[in-house]
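Listed here are the chains, written in short residue letters.
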Amino acid sequence: MATPAFSNSSRSNEGSRTGRILQTTFSVAFLLATLFTGFSPKMFSGNFGTIISGIMAPQLDGGGAAPTTLKPVRIGIVSGHWANGGDPGAVCPDGTNEHDINLTIASLVRQKLEARGYNIDLLQEFDPRLDGYQAALLLSIHNDTCDVIDAEATGFKLASSTYSRDKNLNDRLSACLYDRYGRTTGLLYRSGNITVNMTDYHAFRAIDPSTPAAIIETGFLYLDRSLLVDHPDVVADGIVAGVLCFVRSESVQPIPNP
Ligand SMILES: [Zn+2]
């Protein structure tokens, strides 16, 4: 540390006053330096200690980026039946098929989320990346049959993973999708006829159990066809709203019991 440069005797009064100020300044600086050298977050207990520890913790970033850079949140979107050996999923008499509708919707979801700064993996039905997949969430997009069943062949269905480590987080993901998708599209939720293909969906078993996961059937090709085929952007908006609800921890009510 340099010594004060003020020692001119012809300006002794001013010089000594400046010296005293400097001395005080240096004393305070020395005291602060000593305090911070010996400072430990453990000096504080409870929440304040935790907060201070968090502030002082090194911000590790594997890419070696600047400490203030936040990594984009990673989200996995499976486009149902995509690249599964020509499997079209549900097919209508005129050839309109679920595979193509799923891919249109999933691609729109990807675009819309990427535009908001999220890091999206658009995944095939049996994408090798699903093994041990880690992300903020995984969502698989499918659609229901084109068969002429009855007037109830309309609406959307949801199932979430039972393999996830955190059931509450998974319930939140389902609740967000249920609420935001239903509001955006106006479709009813169909809690009946949720098959084992949904509840025990293969990707749920493949991914890392720390990743919350769900599968959605966004509608029926039979009665919801005009929405799915003519307005896939609305379908995608509904999914995006559900995903954003989850990743932004927005307020949402649990799915009501049927
Ligand atoms: Zn399907």
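The rules behind these values
- Residues numbered from 1 in each chain as written.
- Predicted model: local features only at pLDDT ≥ 70, side-chain atom pairs only at ≥ 80, totals over all residues.
- Helix = DSSP H or I, 4+ residues; strand = E, 2+ residues; numbered from the N terminus.
- Buried ≥ 20, exposed ≤ 12 C-beta atoms within 10 Å, placed from the backbone.
- Contact = placed C-beta atoms within 7 Å.
- Axes fitted to C-alpha atoms, helices over the stretch in contact; angles between N-to-C directions.
- Left-handed = near helix turned anticlockwise from the far one by under 90°.
- Pairing = 2+ DSSP bridges.
- Expected span 1.5 Å × (residues − 1).
- Arc of directions from axis to C-beta.
- pLDDT = per-residue confidence, 0-100.
- Parallel < 35°, antiparallel > 145°, perpendicular 65-115°, else oblique.
- Nonpolar A, V, L, I, M, F, W, Y, C, P; charged D, E, K, R; others polar.
- Core = buried A, V, L, I, M, F, W, Y, C linked by C-beta atoms within 7 Å.

Re the overall build of the chain
Across its full length, the chain holds eight helices and five strands. Going from N to C terminus, the chain has its helices and strands arranged as α-α-β-α-β-β-β-α-α-α-β-α-α. For the chain, buried positions account for 32% of its 258 residues. Long-range contacts, defined as pairs at least 24 residues apart, comprise 75% of the intrachain contacts of the chain with a sequence gap of at least 6.

Notes on the packing of helix H4 (residues 167–185) against helix H8 (residues 232–247)
When two helices pack together, their arrangement is given by the angle between their axes and by how far apart the axes lie. Their axes nearest at 7 Å, the elements H4 and H8 cross at an angle of 145°. Taken as a pair, H4 and H8 cross one another with a handedness that is right-handed. On H8, the residues that touch Arg172, Leu173, Cys176, Leu177, Arg180, Tyr181, Thr184 and Thr185 of H4 are Val234, Val235, Asp237, Gly238, Ile239, Ala241, Gly242, Cys245 and Phe246.

Focus: the sheet that holds strand E3 (residues 137–144)
Pairing between sheet strands relies on hydrogen bonds along the backbone, with the strands arranged either parallel or antiparallel. Taken together, five strands build an open sheet; the order of strands is E2-E1-E3-E5-E4 and the sheet is mixed. Edge positions in the open sheet fall to strand E2 (119–123) and strand E4 (157–160), since each of these has one partner strand only. In this sheet, neighbouring strand axes are inclined to one another by 20° on average, regardless of whether the strands run parallel or antiparallel. Sheet topology places strand E1 (residues 74–79) next to E2; five bridges connect them, and they run parallel. Looking across to E2, one finds that Val78 is bridged to Leu123. Sitting on the sheet, H4 is in contact with E3, E4 and strand E5 (213–220), with an inclination near 165° to E4. Against the sheet, H8 makes contact with E1, E3 and E5, and its axis sits at roughly 155° relative to E3, the strand it touches most.

Some remarks on helix H3 (residues 98–114)
Between its terminal C-alpha atoms H3 stretches 24 Å, which fits the 24 Å expected from 17 residues at 1.5 Å a residue. Looking only at H3, the buried set comprises Glu98, His99, Ile101, Asn102, Ile105, Ala106, Val109 and Leu113. Burial along H3 is one-sided: seen end-on, the buried residues are contained in an arc of 160°. In this structure, the buried residues of H3 make contact with E1, E2, E3, E5, helix H7 (225–230) and H8.

Let's talk about the confidence of the model for the chain
Any segment with low pLDDT has predicted coordinates that should not be analysed in fine detail. Scored by pLDDT, the chain has a mean of 81; 73% of the residues are at 70 or more. Contacts from residues 1–16, a stretch scored under 50 in pLDDT, to residues over four places away or in other chains number seven contacts. Ignoring residues within four places in sequence, the model shows residues 29–66, a span with pLDDT below 50, making 10 contacts including any to other chains.

Digging into the packing of H3 against H8
Here H3 crosses H8 at 50°, and the two axes come no closer than 9 Å. By the angle between their directions, the pair H3 and H8 is classed as oblique. The two elements H3 and H8 cross, and the hand of that crossing is right-handed. Taking contact as the criterion, the partners of Thr104, Ile105, Leu108, Val109, Lys112 and Leu113 in H3 are, on H8, Pro232, Asp233, Val235, Ala236, Ile239, Val240 and Val243. Tallied by class, residues from the contact of H3 with H8 come to 10 nonpolar, one polar and two charged.

Things to note about the pairing of E4
Side chains Lys157 and Ala159 of E4 all project onto a buried face; the interleaved residues Leu158 and Ser160 project onto the opposite face, where all are buried too. Strand direction decides the pairing type here: E4 and E5, joined by four bridges, are antiparallel. The residue of E5 that forms the bridge with Ala159 is Ile215.

So, the nonpolar core
Ranked by internal contacts, the top residues of the largest apolar core, which has 48 residues, are Ile77, Leu137, Leu138, Ala214, Ile216 and Ile239. Here the element with the most residues in this core is H8; it accounts for eight residues.

A closer look at the pairing of E3
Two faces belong to every sheet, and in a regular strand the side chains alternate between them. Burial within E3 is extensive, with eight of its eight residues counted as buried. Alternating positions in E3 separate into two faces, Leu137, Leu139, Ile141 and Asn143 on one and Leu138, Ser140, His142 and Asp144 on the other, with burial throughout. Of the strand pairs in this sheet, E3 and E5 are connected by six bridges, and their pairing is parallel. The residue of E5 that forms the bridge with His142 is Glu217.

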